[in-house]
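# Working through the structure, step by step
What follows is each chain in one-letter form.
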Amino acid sequence: MKTLIIDDERLARNELRRLLENFPKVQIIGEAANADEALPMIEELEPELLFLDIQMPGKNGFELLQSIEGKTPEVIFTTAFDEYAIKAFEYNALDYLLKPVELARLSEAIHRVEEEQHIPESSGAGSIGISTKILGENDQVFVKDGEKCWFVKLGKVRLFESMGNYVRLYFDDQKPLVLKSLNALEDRLNPATFFRANRKHIINLQWIEKIEPWFSGGLLVTLRGGDKIEISRRQAIRFKDLLSL
């Protein structure tokens, strides 16, 4: 992947270059300290990937992307500030790395680039931005429903509910809809944390407050926040096996 590093801090560029030595598929073809330097390099060198700082003298990272004519490379934002995360994903960023960049997070971001062609569809009423790796409670995902956007840690999502071709996410006091099937989400979620309770629901096991026997050998689970979800008889057997000593 032909890669360009754009950051006004020389030390940050040097450190990122050093970390990227661990990824032989990444070919660094240039560096730029600001948008004015970067734009002609992007036009001439046609990089496939940008590591892009947000706050820079002159045009910021978002304004740089708006100035690119033709096809925009894939973008991984690198910044010391977390308040731009939602806006970054509105620009279809593949990832958002906070400085100082850690090797493990960088590896995850590179993996997202490599798997980009497999990122699930997103359009219509809502979308959820995720790559193909298994997602656990500490992973954050970009969720968009209409004009509203969230950058939410999956550990905060207590419940996923199937609504036809959509899934409703329950976190805090929010209930956005995303264009995704429950089966597709189940394949992506870590089964140690997220459990398929029945045909319509996946629950976050860490949010369980109470468990009661229910009809026909099933269970009734109450989540913190008051949601009551029935675990079907078949899934109740799996549930007991999963959580028993």
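Described in the following lines is the structure provided in the data block. A quick note: this is a predicted structure, and the numbers were derived from the prediction, not measured.

### Points about the sheet that holds strand S4 (residues 74-79)
- The 5 strands are arranged S2-S1-S3-S4-S5 in an open sheet whose pairing can be described as parallel. Where the open sheet ends on each side, the last strands, each with one partner, are strand S2 (27-32) and strand S5 (95-98). The mean inter-strand angle of the sheet, taken between neighbouring strand axes irrespective of direction, is 20°.
- With 4 bridges connecting them, strand S1 (residues 2-6) and strand S3 (residues 49-52) associate as parallel partners. For threonine 3, the partnering residue across the bridge sits in S3 and is leucine 49.

### Observations regarding the packing of aromatic side chains
- Under the defined criterion, the tally for this structure stands at 7 aromatic pairs.
- Aromatic pair phenylalanine 62 and tyrosine 84: ring centres 6.1 Å apart, planes at 65°, arrangement edge-to-face. In this pair, phenylalanine 62 is assigned in helix H3 (residues 61-67) and tyrosine 84 in the loop between S4 and helix H4 (85-90), connecting sequence segments 22 residues apart.
- Put simply, the rings of Phe62, Phe77, Phe81 and Tyr84 touch in pairs and so form one group of aromatic residues.

### Notes on the layout of surface pockets
- In this structure, the second largest pocket encloses a volume near 330 Å³.
- Around the second largest pocket, the lining comprises 17 residues; the ones closest to its centre are Asp95, Tyr96, Leu98, Arg105 and Gln140.
- Looking at the lining of the second largest pocket, the elements with two or more residues in it are H4, S5, helix H5 (103-114) and strand S8 (148-153).
- In terms of residues, the lining of the second largest pocket owes the most to one element, S5, which gives 4 residues.
- Of the residues contributing to the lining of the second largest pocket, the split by class is 7 nonpolar, 2 polar and 8 charged.
- Mapping the lining of the second largest pocket onto the domain boundaries places at least three of its residues in each of domain 1 (2-117) and domain 2 (140-243).

Conventions we followed
Residues numbered from 1 in each chain as written. Predicted model: local features only at pLDDT ≥ 70, side-chain atom pairs only at ≥ 80, totals over all residues. Heavy atoms only, no water. Pairing = 2+ DSSP bridges. Helix = DSSP H or I, 4+ residues; strand = E, 2+ residues; numbered from the N terminus. Axes fitted to C-alpha atoms, helices over the stretch in contact; angles between N-to-C directions. Phe/Tyr/Trp six-rings, centres within 6.5 Å; stacked < 30°, edge-to-face > 60°. 1 Å grid on protein atoms, 1.4 Å probe; cavity = no way out; pocket = protein on both sides within 12 Å on 5 of 7 lines; lining within 4 Å. Points joined across faces, edges and corners; volume = space filled by probe spheres on them. Nonpolar A, V, L, I, M, F, W, Y, C, P; charged D, E, K, R; others polar. Domains from an automatic or database assignment.

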